[in-house]
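Structural overview
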Amino acid sequence: MTALPAGGPGLHQRRNLVTEIPGPASRALMDRRNAAVARGVSTTLPVFVTAAGGGVLLDADGNTLIDFGSGIAVASVGNAAQAVVERVQAQVAQFTHTCFMVTPYQGYVEVCEELGRRTPGTHEKRSALFNSGAEAVENAIKIARHNTGRQAVVAFDHAYHGRTNLTMALTAKNMPYKQGFGPFAGEVYRVPMAYPLRWPGGPQACRAQALDVVRSLIHTQVGEQNVAAVIIEPIQGEGGFIVPPDGFLAGLAEFCRQHGIVFIADEIQSGFCRTGDWFAVEHEGVVPDLVTTAKGIAGGLPLAAVTGRAEIMDAVHAGGLGGTYGGNPVACAAALGAIETMASQDLPARARRIGEIMLPRLRKLAETYPVIADVRGRGAMIAVELTRPGTLDPDPASTAAVAAFCHQAGLVVLTCGTFGNVLRFLPPLVIGEELLEEGLDILENAFASL
Ligand SMILES: *Cc1c(COP(=O)(O)O)cnc(C)c1O
């Protein structure tokens, strides 16, 4: 084994391509991958990473790529962030697992204390820790059902909540998440999302009508008294970075409060400073009953949480929640390092700054290239939606072409959206502004090349 270059913030913060993308070393690893790894686990950009940090990824061929993905909104503090590395190294040398349900440890408690402090609302809170976002969502639903004695769960068009059986049922999009994987969990009801671009009649009609439509559908088709929970991503992630009009989330929360329905904000993608606030619901001062978190919480280690009102969380009998690994001590150490980094470096402000740089440039791009129908998002959770010019017909082909151009040029971008026609940008919040501008230059060239 040759020594690998160290990752983390010390990695040279410059794009540098020394081979085609992917290079020969990555292609050779891809061949091995295809012979050993299940095909169902897919790859966006087949470059094999050897180190990462700040705003760059270094690959097995020595190429340095700009990262506009953060491993899907996970490495918000940057890969191998110093505080994360130090705390993880100290913890891993001390002990790696006892199971919190058998013999507890302080790190778990500290993460729950941080969650109580950082999540919206000043009420008394409790948290429970899990391994993945899907697991957190499943548990939030379990808690809401237990608490209300009701069964129905309301989710939205374009929602993404995970890939386990219940969360597949909550997720809207069939291909690739659900196709052939049924039967799905019952008592899940779907209502329209307040999607300004695609609401019949457009953004004004969306603002005026969406809440009434949702309330009416719940009343007529489910019955408020049967609904345990309404779950929503404050800004939808995989479904296309859809930002509901101001007032929608607040109205929904109020409707839930009136009818004793648990209001769950799935902040797994939008949380932990991504949108310029610690949590996206804060933008409108909305206080959910339960919040699910994962992705950005622990600088890349697997950790997830449900945080909520003490009386809802504590209604569950002892032993009703948990899991072997949930709140693993190494993952908790990483979370404490990540949260410390977010606070000490004021990463909500960094996210807002990223939005201030990206949004004007993307809006200008949209004036030049009518294939861009919408520029939206907040902070460092930004997207453009591509359609056939002058229509709302999704253009996934141009979206894929722009992404492929960026990948060849050494810029990692991700696509999303129910129709596969959204380019999303989720740079690490610690990315340097020169790298950010260079990434946007590449994106401009990509649109010029269409
Ligand atoms: C990614 C995601 C999930 C699922 O998280 P996993 O850790 O992949 O299970 C759930 N909800 C939202 C909003 C997500 O973005």
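Residues numbered from 1 in each chain as written. Predicted model: local features only at pLDDT ≥ 70, side-chain atom pairs only at ≥ 80, totals over all residues. Heavy atoms only, no water.

Regarding the overall build of the protein chain
Scanning the protein chain from N- to C-terminus turns up 13 helices and 15 strands. A compact globule built from 450 residues should have a C-alpha radius of gyration of about 22 Å, and the protein chain, at 22 Å, falls within 12% of that. On the principal axes, the C-alpha backbone points of the protein chain span a range of 60 × 60 × 45 Å. For the protein chain, the proportion of its 450 residues judged to be buried stands at 53%. (Helix = DSSP H or I, 4+ residues; strand = E, 2+ residues; numbered from the N terminus. Rg over C-alpha atoms; globule rule 2.2 N^0.38 Å. Buried < 20%, exposed > 50% of the residue type's maximum accessible area, 1.4 Å probe, protein only.)

Some remarks on the sheet that holds strand β10 (residues 304-309)
Spatially, β4-β10-β9-β8-β7-β5-β6 is the arrangement adopted by the seven strands of the open sheet, whose pairing is mixed. The sheet is open, and its two edges are formed by β4 (125-130) and β6 (188-191), each paired on a single side. Each adjacent strand pair in this sheet contributes to an overall mean axis angle of 20 degrees, direction not counted. Two elements, β4 and β10, share six bridges in a ladder whose sense is antiparallel. Bridge assignment links A128 to a residue of β10, and that residue is V306. (Pairing = 2+ DSSP bridges. Axes fitted to C-alpha atoms, helices over the stretch in contact; angles between N-to-C directions.)

Here we look at the state of the cysteines
Inspection of the entire model under this criterion finds zero disulfides. Here C99 stays free of any disulfide, with the sulfur of C332 as its closest cysteine sulfur at 12 Å. Of the cysteine sulfurs around C273, a residue in no disulfide, the closest is that of C112, at 18 Å. For C273, a relative accessible area of 0% translates into the label buried. (Disulfide = S-S within 2.5 Å.)

Considerations on the site of the ligand
As a structural note, the neighbourhood of the ligand is formed by S132, G133, A134, Y160, H161, G162, E233, D266, I268, Q269 and K295. Residue Y160 places a main-chain N or O atom 3.3 Å away from a nitrogen atom belonging to the ligand. Between the ligand and the protein, one listed contact pairs an oxygen atom with a side-chain N or O atom of Q269 at 2.9 Å. Considering the ligand on its own, with 380 Å² of exposed area, one finds that the protein chains cover 82% of that surface. Grouping the constituent residues of the shell around the ligand by class yields three nonpolar, five polar and three charged. (Near = heavy atom within 4 Å. Polar contact = N/O pair within 3.5 Å; in protein donor to acceptor, adjacent residues only side chain to side chain. Areas by Shrake-Rupley, 256 points an atom, 1.4 Å probe, with all protein chains shown as cover. Nonpolar A, V, L, I, M, F, W, Y, C, P; charged D, E, K, R; others polar.)

A word on the environment of A400
When you line up the elements, A400 lands in helix α12 (residues 396-408). Judged by its relative accessible area of 45%, A400 falls in the partly exposed class. For A400 and L423, which are 23 residues apart along the polypeptide, the C-alpha to C-alpha distance reads 8.7 Å.

A few points about the side chain of H161
Looking at the secondary structure, you find H161 in the loop between β5 (152-156) and α6 (165-170). On the accessibility criterion, H161 (3% relative accessible area) is buried. Sequence-distant contacts of H161, defined by excluding residues within four places in its chain, comprise A134, V137, T167, L170, T171, I231, E233 and D266. (Contact = heavy atoms within 4.5 Å.)

Comments concerning the sheet that holds strand β15 (residues 422-425)
The antiparallel open sheet is built from four strands, whose spatial order is β11-β12-β15-β14. This sheet does not close on itself; its edge strands, each paired only once, are β11 (372-378) and β14 (414-416). Across the sheet, the mean angle from the axis of one strand to that of its neighbour is 25 degrees, orientation sign disregarded. Sheet topology note: the β14/β15 ladder contains three bridges and is antiparallel. Opposite T415, over in β15, you have L423 as the bridge partner. Those strands touched by helix α11 (residues 347-368) are β11, β12 (381-386) and β15, and its axis lies near 170 degrees from that of β11. Against the sheet, α12 touches β12, β14 and β15, its axis set at about 35 degrees to β15.

Some remarks on the domain arrangement of the protein chain
Accessible area lost upon the coming together of the parts is a frequently used measure of interface size. The assigned domain composition of the protein chain is domain 1 (24-67 + 346-449) and domain 2 (83-344). Measuring from the centre of the C-alpha atoms in domain 1 to the corresponding centre in domain 2 gives 25 Å. Listed by partner, the interface residues are 32 residues for domain 1 and 29 residues for domain 2. Between domain 1 and domain 2, roughly 2400 Å² of surface is buried when both sides are summed, and carbon and sulfur atoms account for 57% of that area. Taken together, domain 1 and domain 2 are joined by two salt bridges. Note that E385 and R198 form a salt bridge whose closest N and O atoms lie 2.7 Å from each other. At the surface where domain 1 touches domain 2, the tally comes to 18 residue pairs in polar contact (both at pLDDT 80 or more). Contributing elements (two or more residues each) for the side of domain 1 that touches domain 2: α11, β11, β12 and β15. With five residues, β11 is the single largest residue contributor to the side of domain 1 that touches domain 2. Classifying every residue of the side of domain 1 that touches domain 2 gives 18 nonpolar, seven polar and seven charged. (Domains from an automatic or database assignment. Buried area = accessible area lost by both parts, 1.4 Å probe. Salt bridge = Lys/Arg side-chain N within 4 Å of Asp/Glu carboxyl O.)

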